Structure formats: structure tokens, C-alpha cells
Amino acid sequence: MPLLGCIADDFTGATDLASMLVRNGMRTVQLIGVPGADQPAPAADAIVVALKSRTAPVEQAVGESLAALEWLRKVGCRQFFFKYCSTFDSTDKGNIGPVGDALMDALGCGFALACPAFPTNARTVYQGHLFVGGALLNESGMEKHPLNPMTDASLVRVLGRQTRSPVGLVPFVTVERGAGAIRDAMTALKEQGRRWAVVDAVTDAHLFAIGEAASAHALLTGGSGVAIGLPENFRRAGLLPALADPGALPHVDGPAAVVAGSCSRATLQQIGVAREHVPVLQLDPLATPDANALARQATEWVAERLGRTPVVIAASAPPERVAELQARLGRDAAGALVEHALAGVAEALVKAGVRRLIVAGGETAGAVVTRLQVRSLRIGAEIDPGVPWTYAEGGGEPLLLALKSGNFGAPDFFIKAFTMLEGSAT
Ligand code: ADP
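Structure report, in brief. As the structure is a prediction and not an experimental result, all values here were calculated from the model.

Calculation notes
Residues numbered from 1 in each chain as written. Predicted model: local features only at pLDDT ≥ 70, side-chain atom pairs only at ≥ 80, totals over all residues. Heavy atoms only, no water. Helix = DSSP H or I, 4+ residues; strand = E, 2+ residues; numbered from the N terminus. Rg over C-alpha atoms; globule rule 2.2 N^0.38 Å. Buried < 20%, exposed > 50% of the residue type's maximum accessible area, 1.4 Å probe, protein only. Contact = heavy atoms within 4.5 Å. Areas by Shrake-Rupley, 256 points an atom, 1.4 Å probe, with all protein chains shown as cover. Lys, Arg positive; Asp, Glu negative; His and termini not counted. Charge placed at Lys NZ, Arg CZ, Asp CG, Glu CD. Core = buried A, V, L, I, M, F, W, Y, C linked by side-chain atoms within 4.5 Å. Domains from an automatic or database assignment. Pairing = 2+ DSSP bridges. Near = heavy atom within 4 Å. Polar contact = N/O pair within 3.5 Å; in protein donor to acceptor, adjacent residues only side chain to side chain. Nonpolar A, V, L, I, M, F, W, Y, C, P; charged D, E, K, R; others polar.

1. Some words on the overall build of the protein
- For the protein, the helix and strand inventory stands at 14 helices and 18 strands.
- Taking 22 Å as the expected radius of gyration for a compact globule of 426 residues, we find that the protein reaches 22 Å, a close match to that expectation.
- Across its three principal directions, the C-alpha atoms of the protein cover 70 × 45 × 35 Å.
- Within the protein, the proportion of its 426 residues that are buried is 56%.
- Here the analysis covers contacts within the protein between residues at least 6 apart in sequence; of these, 74% occur between residues at least 24 apart.
- Summing over all exposed atoms, the protein offers an accessible surface of approximately 17200 Å²; the carbon and sulfur share of this is 53%.
- With 37 positive and 41 negative side-chain charges, the protein shows a separation of 2 Å between the mean positions of the two kinds.

2. Regarding the nonpolar core
- One finds Ile210, Leu357 and Leu401 to be the most contacted residues of the largest nonpolar core, which totals 124 residues.
- When residues of this core are assigned to their parent elements, the largest contribution, nine residues, is made by helix 12 (residues 331-351).
- Shared between two domains, this core holds at least three residues of each, these being domain 1 (4-236) and domain 2 (256-425).
- With residues near it in sequence (within four places) discarded, Ile210 still touches Leu113, Cys115, Val175, Ile182, Val199, Asp200, Ala201 and Val226.
- Grouped together as the second largest cluster of nonpolar side chains are 24 residues, Val280, Leu400, Phe413 and Phe418 included.

3. What to know about the sheet that holds strand 8 (residues 135-136)
- Ordered in space as 6-7-8, the three strands form an open sheet in which the pairing is antiparallel. Since the sheet does not close on itself, it has two edges, and those belong to strand 6 (123-126) and strand 8, each with one partner.
- Sheet topology note: the strand 6/strand 7 (residues 129-132) ladder contains four bridges and is antiparallel. Bridging from a neighbouring strand, Val125 pairs with Leu130 of strand 7.

4. Thoughts on the site of the ligand
- Not every one of the 18 residues close to the ligand is listed here, only the nearest: Ser262, Glu339, Gly362, Glu363 and Thr364.
- At 2.5 Å from an oxygen atom of the ligand is found a side-chain nitrogen or oxygen belonging to Glu339.
- When the free accessible area of the ligand is taken as 570 Å², the share hidden by the protein chains comes to 82%.
- Elements that contribute at least two residues to the shell around the ligand include exactly helix 11 (319-329), helix 12 and helix 13 (362-371).
- Here the residues of the shell around the ligand sort into seven nonpolar, nine polar and two charged.

What follows is the structure in C-alpha cells.
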């Protein structure tokens, strides 16, 4: 039976959290969207439901989060985690405060900590203020974010504006003293009528201590960093056996392919490296601004190439080419055209037998996952930080799937990813 039930407000954040839990010893499955009422629980120690609620209207974010919570409770989870961005992406309307309040009400727990710190990624919280690297949040570039500009670094104030409940602080000096001191501070804040407490954290040691202090909490909220200490709580309680390989995935045989729609510098470089080793088809949406025709080109090209060697099909282009298509079709239509084409390519590849697939690009991955009707991803070992291999189930035959956000991964990412599968029991 699963132990930890997580609700993540976006897809890549969900994968990030899931990878963190696997690294720390929990078998973890990520579900895409609110699970259907009769969907059975996967065999896992932790389940992460990935929503798209970060910038959704508040009522929708609350509704979906509550529906996810209800399902997670029904399948037996005993502790819950609300995952949001480590830069606390939100506005005065929400969604972090209202979603957290609603989850607390549903659980009847009356208190939750808030800690977006993720020291590995240079997100730290000191005196309730969020730092990105050496800069306060409101001087980090996040103040110019198009959807949720973060113009105040004080999370006590930011969260205070999103909830009617008073927000307290567990400061650095207390966190430094360890789990017992943090637990006492949170109890005292709760007794003073605070429903929320922002907790400072500057190092992973702080996060482990916070996790330990919150072992009995029904709900925690934060970035994936603060989940680092939770697996150990379950092990300590005798609920989680020590697993040799919590990221073990079922074996899947079949040809390998990459579908790339990300135009980020990292992806362009990765395609360049792949070109030295494997066949690469460069689609040109400027020359062929027709999604079905592009997908057909790819299907024909791939027909005689599928085998042991991976193939790469990319629409990715340097900024001036992207700008040209956008100028011609409009920004949204250009993106939609290429996403539609690449979703068609992925579908054709899977139909042709591909069972190991990498998709590069966040939006591209969303389009592919929807087209393939993937509903669940069992999280495996990371290829590079933040990008695990996963075992995807849903629409048709299961396949191994790696979904890479644009800027993630080393230059040899694509080659390394497939070599890793050859070398492991996966
Ligand atoms: P990232 O994670 O790097 O942001 P995304 O897939 O989220 O990657 O975004 C890349 C966007 O660029 C997608 O909407 C994709 O369809 C679009 N795109 C890809 N190739 C081209 C191209 N050659 N011209 C115009 N747009 C493109």
C-alpha cells in the first residue's frame, strides 16, 4: 500500500519530486492528471499526481487538488505532500495558499509547514525570505515572470496575502538546532493559532531535520527539496523496507528514438552530438508548414532505419528560424503546428514498434504524452539530474519514456540515455 501521496502543481515539478523520492529509497509512480475513481493504486511507496494547476483559476486548482487528495486517501496513503515551485510561483490570489488551506480542511489537520528551499538548485530560505542563488527572489529575475511575477521575497508576507490564516516562521536559529527544536517551534506556532509556518532552510541537513520534525504531520507543503527527509521517517517507523533499487523498471525491448521539439541551446547541442553517432532527421516546418505532411516525412524516413541504433527526429531550430515561422503563422499557431506534428511522429514511431522514446521539450512532451494517452509513469534512474527514465503505461503497449525539459541534460544526453538502458537490468 502506498505511504506518501503527493499533489504537484505542474508536470516537471512532479517528476522532480518523484525522482527525489526514488533517490531516497521509495518506489514512486507519477500519475498524469486526477486519477479516475476506479483507477487502482500502482504498486509503489509514493504516488505523485501531476496537475497543471500552478496558474489555473483558483477554484479549478482547489477542486483538482481536493479530487487528487480524495483518491490518494482512498488508496491508502497516510501522509500527503503539496508540491509547488521552489521559487514559490503564485499571485496574491493563489494558488499555494488556497490549495493548502483546502487540503488542510479536508484532512482536518489545522497546520502545515511551507518550505520551498532546494539548496542543490540554490533556492534557500532565510528569515522567511527566499533567495535564488545570491539574490532575493524579487531581484532574481522572477519579479519579471509573465504569469506570476514574484515582487516580494518574504514568504510570510506572500503566503499571508493568499490565506486568511495567520502565517508564522520557524527561523534559521531554530532549524539549526535540529528536528526536536523545529517540532517544538511548530507546536508552539500551532498553539498560537498559526495554521501555516514558513520554515527556513539553507542546507540539505536542514531539510532532513525538517522532514524528521514533520514525521507526524498529515500534510507538508513545499518544493521537492523538503521531501528529502520523508522516506527516512517511513523507514524509521518500519513501514518502508530498504530497497536495493527503488528505481528498477520492468524490462522493455524494442527500437529507440528521440523526438525533439525543444529549441533551447542545450537541446540544439544535444542534437549536434547525436548527429555524430546516429541518424538524425531534421524536420523543416518553414518549408513544410503542415503537421500531417511533416509527420508523414518522418514516418517514411524512419521506416527503413528502425533497429538497434536509435534515431533522432527533430523540429528544433535556432532562434532566427523559430522567429521566422512565428512571424509567418503567429506565435501560438507555430508552436501548435510543430507540437501536433511531433505528437503524430511519436504516435507513428510507437506504432512502428519503438519502445524506448525520449521526448525533448516541455510543451512537446505534453503533446506527446497526451497523444499516446500515457496515464502513469513509474520513475526510474536519472539519466541526468531531473530527467529519469520512466515506464509509461496508458494507451497502448508500455514503453520506456524519458521526458526532458529543454535546458536539462549534458551534451551527450541522448546517447548516454540509451547506453544506460543497455548497461542496466532495465
Ligand atoms: P522547451 O522545454 O525547450 O521550452 P518546448 O517543447 O516546451 O521546449 O517548447 C518549444 C516550442 O517550440 C514548442 O511549442 C515547439 O512546437 C516549438 N518549435 C519547435 N521547433 C520549431 C520550429 N522549427 N519553428 C517554430 N517553433 C518550433
